[in-house]
Amino acid sequence: MSHPACRKKLTEGLNFGKALDGIPKDVEKFVHDATRKRDGVVEALKNVDGSSETIINTLKEYVAMTTTLKSILEKVKRYSRLRFKWSNLLDDEKTVTNDVDREMVSMMFAAALWHMEHAQWLTKNVSNEEENEEQMKRKLNSLKAAASIFEAAKSWPNSLLGSIDLKAQILDALSLQSVAEGQSITIRRAISKNHKASLIREAYMALARAYQGVHLLETEERCGESIVVLSQGLRHIDQAVHLAKI
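Residues numbered from 1 in each chain as written. Predicted model: local features only at pLDDT ≥ 70, side-chain atom pairs only at ≥ 80, totals over all residues. Heavy atoms only, no water.

Asker: Sorry, what's going on with the overall build of the chain here?
Answerer: A count of helical and extended segments in the chain gives nine helices and two strands. Going residue by residue from the N terminus, the α and β elements of the chain occur as α-α-α-α-β-β-α-α-α-α-α. Counting only residues that meet the buried cut, the chain has 46% of its 246 residues in that class. By sequence separation, contacts in the chain at least 24 residues apart represent 73% of the contacts at least 6 residues apart. Carbon and sulfur atoms form 52% of the exposed surface of the chain, whose accessible area is close to 13,000 Å². (Helix = DSSP H or I, 4+ residues; strand = E, 2+ residues; numbered from the N terminus. Buried < 20%, exposed > 50% of the residue type's maximum accessible area, 1.4 Å probe, protein only. Contact = heavy atoms within 4.5 Å. Areas by Shrake-Rupley, 256 points an atom, 1.4 Å probe, with all protein chains shown as cover.)

Structural data, given as structure tokens:
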């Protein structure tokens, strides 16, 4: 499988006002707000050179509309024309649904992928000679955000159905890959700061176990072995944290 940042999870524009029939006067404002906030996330996701803060803020605003959107669908006469259309990362098919939970998780998935792509973009646009502490932090923070959003998507209730992307093992693999890439940056930072060899060794072992665990889970679907390997990686992380405090 190619690096996830090589592909995007895309959606089509959506005007809730045109997709819903018989909208009561008292919810018209909320329908407009839902369209505006969804457009805000979709537009932000188009710019890989944008800011993580913009992505996260617009995503939070839209996700916060979840309960409101469900309430709107209960109040309108019909929503048969409502279609959330998303491309899939793992195949060339499209997923079409009117389920609000799946829509929110798909949007979170897209935002997490944006952060992985943003980290790749930062790498491509800065040579090794130019890379400094601040740029390393930006890449690391982007990968941390990706992992966190994938985890949040996995824990979202009633949503891991109906799309090849929205499977717990896929979200796990992408979250772990983000963590592993982040650890590689941490190791480079440790080396550049001349940290003790034992600390770098433990960080390296944690990184190796993370990549191995992702490979077992994503490529070979050996879930049990993947859990064992990743548990070993966590022990190396704990040891690295201990050494960092000495």
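Asker: How should I be thinking about the pairing of strand 2 (residues 94-97) in this particular structure?
Answerer: Each regular strand shows side chains that alternate between the opposite faces of the sheet. Where burial is concerned, the two faces of strand 2 differ: the one with Thr 95 and Thr 97 is buried and the one with Lys 94 and Val 96 is not. Two strands pair when backbone bridges link them, and strand 1 (residues 84-87) and strand 2 are joined in this way by four bridges, in the antiparallel orientation. Along strand 2, the bridge assignment pairs Ser 87 with Lys 94. (Pairing = 2+ DSSP bridges.)

Asker: Which parts of the structure should I look at to understand helix 5 (residues 100-124)?
Answerer: It helps to recall that an α-helix has 3.6 residues per turn; residues three or four apart then point in one direction. Taking 1.5 Å of rise per residue, the 25 residues of helix 5 would be expected to cover 36 Å, and the 36 Å separating its terminal C-alpha atoms lies within 8% of that figure. Among the 25 residues in helix 5, 20 count as buried, and that is most of the element. You can read the cap of helix 5 off the contacts: a side-chain oxygen lies 3.0 Å from the backbone nitrogen of Asp 101, and it is on Asp 99. (Expected span 1.5 Å × (residues − 1). Polar contact = N/O pair within 3.5 Å; in protein donor to acceptor, adjacent residues only side chain to side chain.)

Asker: Can you walk me through helix 2 (residues 28-45) in this structure?
Answerer: Taking 1.5 Å of rise per residue, 18 residues should cover 26 Å, and helix 2 covers 26 Å from first to last C-alpha, within 8% of that figure. If you check which residues of helix 2 are buried, you get Val 31, Asp 33, Ala 34, Thr 35, Lys 37, Arg 38, Val 41, Val 42, Ala 44 and Leu 45. Looking at the buried positions of helix 2, the neighbouring elements they touch are helix 1 (16-19), helix 3 (52-63), helix 4 (66-75), strand 1 and helix 5.

Asker: Would you explain the packing of helix 3 against helix 5 in this entry?
Answerer: Helix-helix packing is described using two parameters, namely the angle between the two axes and the distance between the axes. Look at helix 3 against helix 5: their axes get within 11 Å of each other, and the N-to-C directions meet at 175 degrees. It follows that helix 3 is roughly antiparallel to helix 5 by the angle criterion. Each of Ser 52, Ile 55, Ile 56, Leu 59, Tyr 62 and Val 63 in helix 3 lies in contact with helix 5, whose residues at this interface are Glu 103, Met 104, Met 107, Met 108, Ala 111, Trp 114 and His 115. (Axes fitted to C-alpha atoms, helices over the stretch in contact; angles between N-to-C directions. Parallel < 35°, antiparallel > 145°, perpendicular 65-115°, else oblique.)

Asker: When you look at the pattern of salt bridges in this model, what are you seeing that I'm missing?
Answerer: Pairs can form between side chains of opposite charge whenever their charged atoms are close. Here the structure, examined in full by the defined rule, presents 13 salt bridges. Lys 8 is the salt-bridge partner of Glu 117, the closest N and O atoms lying 2.8 Å from each other. In this pair, Glu 117 is assigned in helix 5 and Lys 8 in the segment before helix 1, connecting sequence segments 109 residues apart. With a relative accessible area of 16%, Glu 117 lands in the buried category. Of the charged contacts in the structure, one is a salt bridge between Glu 12 and Lys 85, with a shortest N-O distance of 3.9 Å. With Glu 12 in the segment before helix 1 and Lys 85 in strand 1, this pair connects stretches of sequence that are 73 residues apart. Glu 12 gets classed as partly exposed once you look at its relative accessible area, which sits at 35%. Residues joined in a network through salt bridges with shared partners are Glu 12, Lys 85 and Lys 94. (Salt bridge = Lys/Arg side-chain N within 4 Å of Asp/Glu carboxyl O.)

Asker: I keep staring at the side chain of Asp 21 and nothing clicks. Help me out?
Answerer: Considering the arrangement of structural elements, one finds Asp 21 in the loop between helix 1 and helix 2. By relative accessible area, which is 15% here, Asp 21 ends up buried. Not counting residues up to four positions away in its chain, the partners in contact with Asp 21 are Val 76, Lys 77, Arg 78 and Arg 81.

Asker: Hey, could you run me through the packing of aromatic side chains in this one?
Answerer: In this description, a pair of aromatic rings is defined by centroid distance and the angle of the planes. The final tally for this structure, using the stated rule, is two aromatic pairs. Centroid distance Phe 109 to Phe 150: 5.6 Å. Interplanar angle 85 degrees. Geometry classified as edge-to-face. Taken together, the positions of Phe 109 in helix 5 and Phe 150 in helix 6 (residues 133-155) put the pair 41 residues apart, joining distant regions of the chain. We note that Phe 109, like Phe 150, is buried. For the cation-ring pair, Lys 9 lies above Phe 109, with the distance from its terminal atom to the ring centre recorded as 5.3 Å. Sitting above the plane of the Phe 30 ring, Lys 29 keeps its charged end 5.5 Å from the centroid. (Phe/Tyr/Trp six-rings, centres within 6.5 Å; stacked < 30°, edge-to-face > 60°. Lys NZ or Arg CZ within 6 Å of the ring centre and 35° of its normal.)

Asker: I tried to follow the environment of Trp 86 on my own but got confused; where do I start?
Answerer: Within the secondary structure layout, Trp 86 lies in strand 1. A relative accessible area of 2% places Trp 86 in the buried class. Counting along the chain gives 76 residues from Trp 86 to Leu 10, while the straight-line C-alpha distance between them is 5.6 Å. Those residues in contact with Trp 86 that sit more than four places away from it in its chain are Lys 9, Leu 10, Thr 11, Arg 38, Glu 93, Lys 94, Thr 95, Glu 103, Ser 106, Met 107 and Ala 110. One polar contact links Trp 86 to Glu 103, side chain to side chain, over a distance of 2.8 Å.

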